[in-house]
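Overview (structure and organization)
Read off the chains here:
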Amino acid sequence: SPQALEKACAVLDSQPDVNAVYCDLLYVNAQGRRIIARQFGRNGRFDAGAVGRASILAARNLFGIPLLVRRSAAGGLRYDESLPYAADVDLAIAGAAGGSLFHIAEPLIANRYHPGNATWRFVADAWRQMERIAAKHAIPLSPLDRVRARASAYAMAVVKRFFMTYVAIRH
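Attention in this report is confined to the structure presented alongside it.

About the criteria used
- Every chain is numbered independently, its residues counted from 1 as its sequence is written.
- Only residues with pLDDT of at least 70 are given local features in this predicted model, and only at 80 or more are side-chain atom pairs given and counted; all residues enter the totals for whole chains, interfaces and linings.
- Excluding hydrogens and water, the side-chain figures rest on all heavy atoms present in the structure.
- Helix and strand definitions follow DSSP, with helices as H or I runs of at least four residues and strands as E runs of at least two, each counted in order from the N terminus.
- Burial classes: relative accessible area under 20% of the type maximum marks a residue as buried, over 50% as exposed, and values in between as partly exposed (1.4 Å probe, protein chains only).
- Here, two residues are considered to be in contact whenever any of their heavy atoms come within 4.5 Å of each other.
- Any carboxyl oxygen of Asp or Glu within 4 Å of a side-chain nitrogen of Lys or Arg constitutes a salt bridge here.
- Think of a polar contact as two N or O atoms within 3.5 Å of one another; within protein, one of them needs to be a possible hydrogen donor and the other a possible acceptor, and neighboring residues in sequence only count if both atoms come from side chains.
- For patches, a residue must show more than 30% relative accessible area and have no salt bridge; joins then use 9 Å for like charges and 5 Å for nonpolar side chains, namely Val, Leu, Ile, Met, Phe, Trp and Tyr.
- Computed with the Shrake-Rupley method and a 1.4 Å probe, the accessible areas treat only the protein chains shown as cover for residues.

Locating Ile93 in the fold gives a position in helix α4 (residues 87-95). Owing to a relative accessible area of 15%, Ile93 belongs among the buried residues under this scheme. Between the C-alpha atoms of Ile93 and Arg33, which are 60 residues apart in sequence, the distance is 31 Å. When near neighbours in sequence (up to four residues on either side) are disregarded, Ile93 contacts Gly52, Phe63, Ile133, His137 and Ile139.

Now the structure itself:
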């Protein structure tokens with residue numbers, strides 16, 4: 001959206017303790033045509049710890065893609081190359097440290113889906129990566145949580161394959 005950065009800047013300017021601004025998004029195909037909207041069901045400040053834990057258990061990024069991250073929050077953060085599927089979840093949890101996260105309930109950005117997406121190569125390792133993130137950020141997982149997360153990782157791989165098939169056929 002042409003207003004995406006303006007809206008994100010307004011949040012960061014008015015709320016100095018917010019480290020990053022997220023939003024709803026659109027999935028688009030390789031030609032930029034809309035596939036589907038992804039809504040996160042929140043608006044305003046949200047609990048990064050709860051969303052991080054839910055992301056681990058779902059084996060899926062439930063934060064979304066940040067519109068804007070405050071420089072002081074990004075500081076020394078870097079993608080962990082050992083987490084190619086889940087690095088965005090790791091960064092979102094780490095980036096929230098010492099501040100808040102904010103969500104704008106509008107689809108202000110697009111995420112392009114196509115058969116060449118790198119995500120497909122890494123989805124088989126989703127559970128192991130989410131488990132490493134939980135350990136790294138001291139997020140406790142019970143034995144039942146571990147079973148749930150493994151089942152979610154398997155289900156997410158299946159859902160992603162169906163989604164890509166849908167995209168290929170429909171778009």
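Right, let's get into the pattern of salt bridges. Where charged atoms from two side chains of opposite charge approach closely, those side chains can pair. Evaluated as defined, the whole model comprises seven salt bridges. Between Asp145 and Arg53 there is a salt bridge, and its shortest N-O distance comes to 2.6 Å. Residue Asp145 is found in helix α7 (residues 143-170), and its partner Arg53 is found in helix α2 (residues 48-58); the two are separated by 92 residues along the sequence. Overall, Asp145 belongs to the buried group, its relative accessible area being 13%. A salt bridge links Asp125 to Arg128; its shortest N-O distance comes to 2.6 Å. Residue classification places Asp125 among the partly exposed residues on the basis of a relative accessible area of 21%. The structure contains a network of salt bridges with shared partners spanning Asp80, Asp90 and Lys136.

A separate point is the side chain of Ser100. Within the fold, Ser100 resides in strand β5 (residues 100-112). The class of Ser100 is buried, set by a relative accessible area of 19%. One polar contact links Ser100 to Arg45, side chain to side chain, over a distance of 2.9 Å. The residues touching Ser100, leaving out its near neighbours within four places in the chain, are Asp17, Val18, Asn19, Ala20 and Arg45.

A contiguous nonpolar patch, built from Tyr154, Val158 and Phe162 and spanning about 360 Å² of accessible area, is present on the exposed surface. Residue position: Tyr154 is located in helix α7.

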